[in-house]
Amino acid sequence: MSRRVVIIGGGFAGFRAAVSLADAGYAVTVVDNRAQLGGRARSFVDPATGEVVDNGQHLFLSGYERTLAFLERLGTRDQVVFHDRLRVGFAEAGGKQYHLNCPNLSAPFHLIGGLLGLTSIPLTDKLRLIQIYADLSNLVDESVAQWLSRMGQGPRARKLFWDPLTIAALNELPEIASAVGLKAVLRVLMTKPAAQSRLGMARVGLSDLYAAPAVRLISQLGGQVISGKTVQSIIIRDSKVEAVLLADGTRFETDAVIAAIPPLALRKLLENSSALSVYPGDPDTLLKFGSSPILSVNLWVDPGTALPEESFVAMIGTEFQWLFKKTGYLSLIVSAAHHLLDWTNEQLVELALRDLKNCFPLMDGVRLIRSQVVREREATVSLGVGMESLRPSSKTRLPNFFLAGDWTATGLPATIESAVVSGEFAAQQIFNGK
Ligand SMILES: Cc1cc2nc3c(=O)[nH]c(=O)nc-3n(C[C@H](O)[C@H](O)[C@H](O)COP(=O)(O)OP(=O)(O)OC[C@H]3O[C@@H](n4cnc5c(N)ncnc54)[C@H](O)[C@@H]3O)c2cc1C
């Protein structure tokens, strides 16, 4: 009989681990506490329009090698559509538009070429890009704002390029986010082949992109996926996990467990199990992982409205930071939206419309048909200064209990790619120990 593994958490990390293990002949059981699988990357059907809506727009980088390999295994790789090169349209409040259009050169010259072409950034700041490139392997744990100031990047370069990049890539304000995370992103952009720094979007809802195909594949391979059930605790005997206990009393005997859940959920699971000491570091550090919210306002507008040509545009000088053109509606996004969480839906929709008209004067007469606000209060962990060293590896103090999740130590910002890599790491630990 194949060995049994219970995976707690049905997000990218948990499903990646589960598929790797099921492919290798393990009997996997994935348990997730939400009715809808996919964790923080999921979609739902909008009851009013029947359209599939994501819990927030997710951007993919063509350098997400492990994610793309996972999607390949699920048969959905071609559902993520990338630009032909790194290019981003910007629309500034007041109506000014410009583009980061990286030429077809090898890295880092494509990015340097693209930045040199951004006419609104002062030449002195552009010339200091060489200094930034040279400093990428210098991992001083300081805030992005401190690092950029040391690298001589002035307010205009910050406003037009660095702040939007930091907030989009790290979901945190440059004054809080650690420069270690931004450097990891820049290393991909500046040192990997230029073909790896293209941005892309899924053309299907996130659930159809990976959660539903993963469930199908796992059951074809003899495993099972249980949604809407909370794992209450792990049961330890003779210094090993022997079972997991669900909140409804169901017990699953198992040979190994992967907890692919966020830090506070892990802390609760360990507390319930009277097993805080199995955490690989000081379990109190789990409480230090704060979270950063992402807010989406979806607007269904008159079909005759003049829309920008690009599928997504960065908005500069407004509260909303991105406009995404979706099939049937527009999605406006604020990352690191700490300050807007308590606003009412009406206030947020009004603000979104004002920002939209401000950045895209062509939409001045836009007629709103319907709106929807999605608040993801714990969209990602907030990886501020000092947090990098607190990210745990996949190993715990028990030989058959492992950790995964975008927030664990993958060397990547807390993104989909980090979640997938963490799932691979955890599965690898089980392969190593068999
Ligand atoms: C709005 C938004 C936009 C984003 N944009 C991007 C983007 O553009 N690009 C990008 O790369 N990343 C983006 N991210 C981040 C990305 O979604 C996450 O990094 C990734 O989905 C995390 O996956 P995970 O498997 O680590 O965790 P999760 O997706 O959180 O999965 C963990 C699952 O475990 C469940 N769980 C917790 N405790 C228990 C328990 N005791 N029992 C059972 N189940 C439990 C949770 O409910 C959850 O379903 C975005 C996130 C959000 C919210």
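Residues numbered from 1 in each chain as written. Predicted model: local features only at pLDDT ≥ 70, side-chain atom pairs only at ≥ 80, totals over all residues. Heavy atoms only, no water.

Engineer: Sorry if this is basic, but what is going on with the overall build of the protein here?
Structural biologist: Within the protein, the secondary structure is distributed over 12 helices and 20 strands. Expected size for 434 residues packed as a compact globule is a radius of gyration near 22 Å; at 22 Å, the protein falls within 12% of this value. Within the protein, buried positions represent 56% of all 434 residues. Sequence-distant contacts, at least 24 apart, represent 67% of the contacts inside the protein between residues at least 6 apart. Accessible area for the protein stands at about 17800 Å²; split by element, carbon and sulfur atoms hold 52% of it. The average position of the 43 basic charges and that of the 41 acidic charges among the side chains of the protein differ by 4 Å. (Helix = DSSP H or I, 4+ residues; strand = E, 2+ residues; numbered from the N terminus. Rg over C-alpha atoms; globule rule 2.2 N^0.38 Å. Buried < 20%, exposed > 50% of the residue type's maximum accessible area, 1.4 Å probe, protein only. Contact = heavy atoms within 4.5 Å. Areas by Shrake-Rupley, 256 points an atom, 1.4 Å probe, with all protein chains shown as cover. Lys, Arg positive; Asp, Glu negative; His and termini not counted. Charge placed at Lys NZ, Arg CZ, Asp CG, Glu CD.)

Engineer: Got a minute to help me understand the pattern of salt bridges in this structure?
Structural biologist: Two side chains that carry opposite charge are able to pair once their charged atoms sit near each other. For the structure shown, the criterion picks out 24 salt bridges. Across the pair arginine 158 and glutamate 175 runs a salt bridge whose closest N-O atoms are separated by 2.9 Å. Residue arginine 158 is located in helix H7 (residues 155-170), and its partner glutamate 175 is located in the loop between H7 and helix H8 (179-191); the two are separated by 17 residues in the primary sequence. (Salt bridge = Lys/Arg side-chain N within 4 Å of Asp/Glu carboxyl O.)

Engineer: Hey, could you run me through the packing of aromatic side chains in this one?
Structural biologist: The relation between two aromatic rings is expressed through the spacing of the ring centres and the mutual angle of the planes. Summed over the entire model, instances satisfying the criterion amount to 12 aromatic pairs. Taking the centre distance of 5.0 Å and the plane angle of 10 degrees together, the rings of phenylalanine 90 and tyrosine 98 count as stacked. A centroid spacing of 5.7 Å and a plane angle of 40 degrees characterise the contact between phenylalanine 312 and phenylalanine 324, whose relative ring orientation is tilted. Of this pair, phenylalanine 312 sits in strand E16 (residues 312-316) while phenylalanine 324 is found in strand E17 (residues 322-325), placing the two residues 12 residues apart along the sequence. Comparing phenylalanine 312 with phenylalanine 324 shows no difference in burial state: the two are buried. Chaining the aromatic ring pairs together yields one cluster made of Phe12, Phe15, Phe70 and Tyr210. A cation sits over an aromatic face here: arginine 370 above tryptophan 300, 4.9 Å from the ring centre. (Phe/Tyr/Trp six-rings, centres within 6.5 Å; stacked < 30°, edge-to-face > 60°. Lys NZ or Arg CZ within 6 Å of the ring centre and 35° of its normal.)

Engineer: Would you explain the domain arrangement of the protein in this entry?
Structural biologist: One widely used convention gives an interface's size as the accessible area the parts lose upon coming together. Taken domain by domain, the protein holds domain 1 (4-58 + 203-288 + 384-432), domain 2 (106-192) and domain 3 (291-381). For domain 2 versus domain 3, the distance between C-alpha centres works out to 26 Å. Contact residues are listed per partner, giving nine residues for domain 2 and 12 residues for domain 3. The contact between domain 2 and domain 3 buries some 730 Å² in all, and 61% of this surface belongs to carbon and sulfur atoms. Seen at the junction of domain 2 and domain 3, the total is zero salt bridges. Counting the contacts that link domain 2 with domain 3 gives four residue pairs in polar contact (both at pLDDT 80 or more). Each residue belonging to the side of domain 2 that touches domain 3 can be placed in one class, and the counts come to six nonpolar, one polar and two charged. (Domains from an automatic or database assignment. Buried area = accessible area lost by both parts, 1.4 Å probe. Polar contact = N/O pair within 3.5 Å; in protein donor to acceptor, adjacent residues only side chain to side chain. Nonpolar A, V, L, I, M, F, W, Y, C, P; charged D, E, K, R; others polar.)

Engineer: Got a minute to help me understand the site of the ligand in this structure?
Structural biologist: Taken together, 37 residues surround the ligand, and among them Asp32, Asn33, Arg40, Leu59 and Asp406 come closest. Within the side chain of aspartate 32, one N or O atom sits 2.7 Å away from an oxygen atom of the ligand. Burial of the ligand by the protein amounts to 94% of the accessible area it has alone, namely 1000 Å². Counting residues per element, the ones that place at least two in the shell around the ligand are helix H1 (12-23), strand E2 (27-32), strand E19 (368-381) and helix H12 (416-432). Of all the elements, E19 adds the most residues to the shell around the ligand, at three residues. For the shell around the ligand, the class distribution of residues is 17 nonpolar, 14 polar and six charged. (Near = heavy atom within 4 Å.)

Engineer: Would you mind going over helix H10 (residues 263-272) with me for this structure?
Structural biologist: Residues separated by three or four positions in an α-helix point in the same direction, a consequence of the helix having 3.6 residues per turn. Turning to H10, its buried residues number three or more, namely Pro263, Leu266, Arg267, Leu269 and Leu270. Seen from one end, H10 has its buried residues packed into an arc of 165 degrees, which puts them on one side. Tucked into the core, H10 has its buried residues touching strand E1 (4-8), strand E11 (231-237), strand E14 (256-259), E19 and strand E20 (401-403). Two residues or fewer past H10, serine 274 is found with a positive phi of approximately 50 degrees. (Arc of directions from axis to C-beta.)

Engineer: Just checking my understanding: could you explain the nonpolar core for this structure?
Structural biologist: One broad rule of soluble globular proteins: the nonpolar side chains tend to lie buried together. Ranked by size, the top nonpolar core spans 83 residues in total, and within it Trp162 and Ile258 carry the most contacts. For this core, the element with the most residues is H1, which contributes eight residues. Residue contacts for tryptophan 162: discarding those within four places in its chain leaves Leu129, Ile132, Leu148, Gln153, Ala157, Leu182 and Leu186. Counting residues in hydrophobic clusters, the runner-up holds 29 residues, among them Ile8, Ile234, Phe252 and Val381. (Core = buried A, V, L, I, M, F, W, Y, C linked by side-chain atoms within 4.5 Å.)

Engineer: Would you mind going over the sheet that holds strand E18 (residues 330-335) with me for this structure?
Structural biologist: For sheets, the rule is that strands pair by backbone hydrogen bonds, running either parallel or antiparallel. Spatially, E8-E7-E16-E17-E18-E15-E19 is the arrangement adopted by the seven strands of the open sheet, whose pairing is mixed. The two strands at the open ends of the sheet, each matched to only one other strand, are strand E8 (97-101) and E19. Along the sheet, successive strands turn relative to each other by an average axial angle of 25 degrees, direction set aside. (Pairing = 2+ DSSP bridges. Axes fitted to C-alpha atoms, helices over the stretch in contact; angles between N-to-C directions.)

Engineer: Sorry if this is basic, but what is going on with the packing of helix H2 (residues 65-74) against helix H9 (residues 206-220) here?
Structural biologist: Relative orientation and spacing of two packed helices are given, respectively, by the angle between their axes and the distance between those axes. Interaxial distance between H2 and H9 falls to 9 Å at its minimum, and their mutual angle equals 50 degrees. By the angle class used here, H2 and H9 are oblique. Judged by the sense of rotation from one axis to the other, the crossing of H2 with H9 is left-handed. Each of Phe70, Leu71, Arg73 and Leu74 in H2 lies in contact with H9, whose residues at this interface are Leu209, Tyr210, Pro213, Ala214 and Leu217. Tallied by class, the residues present in the contact of H2 with H9 amount to eight nonpolar, no polar and one charged. (Parallel < 35°, antiparallel > 145°, perpendicular 65-115°, else oblique. Left-handed = near helix turned anticlockwise from the far one by under 90°.)

Engineer: Would you mind showing me how to read empty space enclosed by the protein here?
Structural biologist: Over the atoms, a rolling probe the size of a water molecule traces out where space has been left empty. In the structure shown here, the tally under the stated rule is three cavities of 30 Å³ or more. Its volume calculated, the largest cavity comes out at about 50 Å³. Forming the boundary of the largest cavity are Leu115, Ile121, Asp125, Lys126, Leu129, Gln153, Ala157, Phe161 and Trp162. At the level of elements, helix H4 (123-127) and H7 are the ones that each hand at least two residues to the lining of the largest cavity. For the lining of the largest cavity, the leading source of residues is H7, giving three residues. (1 Å grid on protein atoms, 1.4 Å probe; cavity = no way out; pocket = protein on both sides within 12 Å on 5 of 7 lines; lining within 4 Å. Points joined across faces, edges and corners; volume = space filled by probe spheres on them.)

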